[in-house]
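Chains, contacts and geometry: an overview
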Amino acid sequence: MTQDELKRAVGQAAARYVAENAPEGSIIGVGTGSTANCFVDALAPNGYRYKGAVASSEATRKRLESHGIAVFDLNDVADLPLYVDGADEIDAGLNMIKGGGGALTREKIVAAVARKFICIADSSKVVGIMGRFPLPVEVIPMARAHVVRELAKLGGIALLREGFVTDNGNIILDIKGLAIVDPKGLEAQINQIAGVVTNGLFAIRPADLLLLGTGEGVKTIF
């Protein structure tokens, strides 16, 4: 199977999982990226079962609305039974690097509210030690140079994501050269740097379940 076929397979598996585990009339959290898009497309035929969704980005909001699925502001939602999103890397502990699409802050907020976080990914995203994929860090623009210097002390090489502004009006620094052996510790450490909004490590709040697309079908990993 091609990578696109694997993404579609896990998107369809996630839509089935939501149908089986989310109460009818509930609101679903939806992530950002190509795999999340496959989930949205698979969810759409049965979208009438749900009250609507919370989107982690403007791009996802537009895709949901294009399928006729109502999109709610998270501030107006008291309960999210499930949040479904992809990953750029994921390890055996279901810790992830996310943010390749630049929506890491809103993704992290939605994940924090959800009772269960379902990660959907193809097998190419699974790694032993994270860090080969550059770690995104959302930064307030005036703090860019300071944050670059502080990240260098941690052994990372920070590169500005040129021509990109987040939905929150901030910049993204992509950090290369890290071998992330302590995801929770590094996530907390980077978030303490003044000017950092958040970073793309999802380890303090990892996934609860991984639906993994493989050549032998979709596997469920806890």
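Please refer to the structure placed before this passage.
What you are looking at is a predicted structure, and each value in this text was computed from that prediction instead of being measured.

Here we take up the sheet that holds strand β13 (residues 217-221). Read from one edge of the open sheet, 6 strands run β2-β1-β3-β6-β12-β13, paired in mixed fashion. On the outer flanks of this sheet lie β2 (52-55) and β13, each paired with one strand and no other. Mean inter-strand twist for the sheet, computed between neighbouring axes without regard to direction, equals 25°. Pairing between strand β3 (residues 82-85) and strand β6 (residues 116-122): 4 bridges, direction parallel. For Tyr83, the partnering residue across the bridge sits in β6 and is Phe117. Its contacts with the sheet place helix α1 (residues 3-21) against β1 (27-30), β3, β6, β12 (209-214) and β13, and it is angled at close to 145° to β12.

Once that is clear, we can look at a nonpolar patch on the surface. Taken together, Ile140, Met142 and Val197 make up a surface patch of nonpolar side chains, about 320 Å² in accessible area. Position of Ile140 among the secondary structure elements: in the loop between β7 (135-139) and α5 (144-153).

The next point concerns unusual backbone geometry. The backbone of Leu94 sits at a positive phi, close to 65°, despite the residue not being glycine. Mapped onto the elements of the fold, Leu94 is located in the loop between β4 (89-90) and β5 (96-97). What makes Leu94 buried here is its relative accessible area of 4%.

Counting buried residues in strand β9 (residues 171-176) gives 5 out of 6 residues, a clear majority hidden from the surface. Bridge analysis of β7 against β9 gives 5 bridges, and the strand direction is antiparallel. For Pro136, the partnering residue across the bridge sits in β9 and is Asp174. Across 4 bridges, strand β8 (residues 157-160) lies against β9 in antiparallel orientation. By the bridge assignment for β9, Leu159 is matched with Asp174.

Definitions and limits used
- Residues numbered from 1 in each chain as written.
- Predicted model: local features only at pLDDT ≥ 70, side-chain atom pairs only at ≥ 80, totals over all residues.
- Heavy atoms only, no water.
- Pairing = 2+ DSSP bridges.
- Helix = DSSP H or I, 4+ residues; strand = E, 2+ residues; numbered from the N terminus.
- Axes fitted to C-alpha atoms, helices over the stretch in contact; angles between N-to-C directions.
- Contact = heavy atoms within 4.5 Å.
- Patch = residues over 30% accessible without salt bridge, like charges linked within 9 Å, V, L, I, M, F, W, Y side chains within 5 Å.
- Areas by Shrake-Rupley, 256 points an atom, 1.4 Å probe, with all protein chains shown as cover.
- Salt bridge = Lys/Arg side-chain N within 4 Å of Asp/Glu carboxyl O.
- Buried < 20%, exposed > 50% of the residue type's maximum accessible area, 1.4 Å probe, protein only.

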